[in-house]
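Summary of structural features
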Amino acid sequence: MAFFDKIKQGLSKTRENLSGKLDSILKLNKKIDDETLEELEELLISADIGVDTTQMLIEKLKENSKNISTPLELKEALKKEMINLFPQKNTSLIYPTVMLIVGVNGVGKTTSIGKLAYKFKNEGKKVLLVAADTFRAAAIEQLEIWGQRVGVDVIKHKEGSDPASVLFDALQAGKARKSDIIICDTAGRLHTKKNLMEELKKLHRVCQKEYPEANLVNLMVLDATTGQNALVQARIFKDAVDFSGIILTKLDGTAKGGIAVAIASELGIPVWYVGVGEGIDDLYEFDPRDFTEAILN
């Protein structure tokens, strides 16, 4: 199934919440005035687009109000302004690549790594997985299961090992095996922000020292169903690492899909991939235009 069809299907609850209510507002208010824009503002905030981003969108619509005289024109103008909020992304990878995947426990981090491994292997790449979330034995086991399912090797140490030493061994193995892409799972605990930062910085230093010729990519996994809480998590992680992009999971079955707009706008980090299903191939490259069409169709 093509990305647009899949995401349109997955975003049905968000579309019902946003586009359905927007249509109701526009049917009641035939002319576009301050009252219409106020109702639109409330609606966008309720769809988890966020207060700051919503106010920015409303201001843009007001600036262009001379060109907006019908409900259809308002909807098209809103689509255009939303698309413009998404930063440009470049998901073309230069190999070899080391990917550090971060995110709190429960957001679908390890599952996303498994789906990425499946995607890259299907593209003919040699993939190696790294179980550097040594804080939880379950995380190591889960990654091993994904490795077996996809048919790729997993480098691991025992629970409680130093994550940096696991990554060090993985980088040596990756170089020796001529792996195209090394995908590293990291601890998802946020019990102390300082420890998290130091651990991520240490993993960075290991990559830069031991494999300087590799392309280093940092991807943050966020759960769309948590709405504004995802934005809070993203800010905490952004303090520790400069991110290349975001993987937004569980977009299917949530009415909070608008969080993708808030994240892109308020943090300036592009969304690279979205998860819209339980299947091994239900991870898609994100397209802002298709996403916006899917929630405002």
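Not measured: the values here are computed from a predicted model.

1. Notes on the pairing of strand β2 (residues 127-131)
Of all five residues making up β2, five are buried, and the element is well covered by its neighbours. By the alternation rule, side chains of β2 split into V127, L129 and A131 and L128 and V130, which are all buried. Taken together, the five bridges between β2 and strand β4 (residues 181-185) define a ladder with parallel strand orientation. Each bridged residue has a counterpart across the sheet, and for A131 the counterpart in β4 is D185. Two strands pair when backbone bridges link them, and β2 and strand β3 (residues 153-155) are joined in this way by three bridges, in the parallel orientation. Bridge pairing in β3 links L128 to D153. Between β2 and its parallel partner β3, the chain crosses via helix α7 (residues 137-150), and the hand of that crossover is right-handed.

2. Things to note about the packing of helix α5 (residues 71-85) against helix α12 (residues 288-296)
Put simply, α5 and α12 touch, their axes get as near as 9 Å, and they point 145 degrees apart. In this structure, α5 crosses over α12, and the sense of that crossing is right-handed. On α12, the residues touching K75, L78, K79, M82 and I83 of α5 are P288, R289, T292, E293, I295 and L296. Each residue belonging to the contact of α5 with α12 can be placed in one class, and the counts come to six nonpolar, one polar and four charged.

3. Overview of the packing of helix α4 (residues 51-63) against helix α11 (residues 259-267)
Orientation of α4 relative to α11, taken along the N-to-C sense of each, is 85 degrees, at an axis distance of 9 Å. Taken together, the axis directions place α4 and α11 in an arrangement best described as roughly perpendicular. On α11, the residues that touch D52, T53 and M56 of α4 are V261, A262, S265 and E266. Within the contact of α4 with α11, the residues separate by chemical class into three nonpolar, two polar and two charged.

4. Examining the packing of aromatic side chains
Within a pair of aromatic rings, the relevant descriptors are the distance that separates the centres and the angle that separates the planes. Under the criterion given, the structure shown has four aromatic pairs. Taking the centre distance of 5.3 Å and the plane angle of 50 degrees together, the rings of F86 and F286 count as tilted. Of this pair, F86 sits in the loop between α5 and β1 (97-102) while F286 sits in the loop between β8 (283-285) and α12; the two residues are 200 residues apart in sequence, bridging distant segments of the chain. You'll find F86 and F286 in the same group, each marked buried. Centroid distance W272 to Y273: 6.2 Å. Interplanar angle 75 degrees. Geometry classified as edge-to-face. Among the residues examined, Y273 registers a relative accessible area of 1% and is labelled buried. Every member of this aromatic cluster is reached through a ring pair, and the members are F86, F286 and F291. Lying across the ring of Y211, K175 places its NZ or CZ 5.3 Å from the centre.

5. Structural notes on the domain arrangement of the protein chain
What the domain assignment reports for the protein chain is domain 1 (3-85) and domain 2 (97-243). Computed from C-alpha coordinates alone, the two centres of domain 1 and domain 2 are separated by 37 Å.

6. Some points on the confidence of the model for the protein chain
Residues of the protein chain with pLDDT of at least 70 account for 94%, and the chain-wide mean is 86. Confidence scores differ between elements of the protein chain, with helix α1 (residues 3-10) showing the lowest mean pLDDT of 68 and β2 the highest of 98.

7. Quick notes on the side chain of D282
Assignment of secondary structure puts D282 in the loop between β7 (271-275) and β8. A residue is classified by how much of its surface remains accessible, and D282, at 8% relative accessible area, is buried. A polar contact of 2.8 Å, which involves the side chain of D282, links it to the backbone nitrogen of G279.

8. A short note on the environment of S265
In this fold, S265 is placed in helix α11. Distance from S265 to K209, taken between C-alpha atoms, is 33 Å for residues 56 residues apart in sequence. Not counting chain neighbours up to four residues away, the residues in contact with S265 comprise T53, M56 and L85.

Each value, and the rule that gives it
Residues numbered from 1 in each chain as written. Predicted model: local features only at pLDDT ≥ 70, side-chain atom pairs only at ≥ 80, totals over all residues. Heavy atoms only, no water. Buried < 20%, exposed > 50% of the residue type's maximum accessible area, 1.4 Å probe, protein only. Helix = DSSP H or I, 4+ residues; strand = E, 2+ residues; numbered from the N terminus. Pairing = 2+ DSSP bridges. Right-handed = clockwise from strand over helix to strand, strands pointing away. Axes fitted to C-alpha atoms, helices over the stretch in contact; angles between N-to-C directions. Left-handed = near helix turned anticlockwise from the far one by under 90°. Contact = heavy atoms within 4.5 Å. Nonpolar A, V, L, I, M, F, W, Y, C, P; charged D, E, K, R; others polar. Parallel < 35°, antiparallel > 145°, perpendicular 65-115°, else oblique. Phe/Tyr/Trp six-rings, centres within 6.5 Å; stacked < 30°, edge-to-face > 60°. Lys NZ or Arg CZ within 6 Å of the ring centre and 35° of its normal. Domains from an automatic or database assignment. pLDDT = per-residue confidence, 0-100. Polar contact = N/O pair within 3.5 Å; in protein donor to acceptor, adjacent residues only side chain to side chain.

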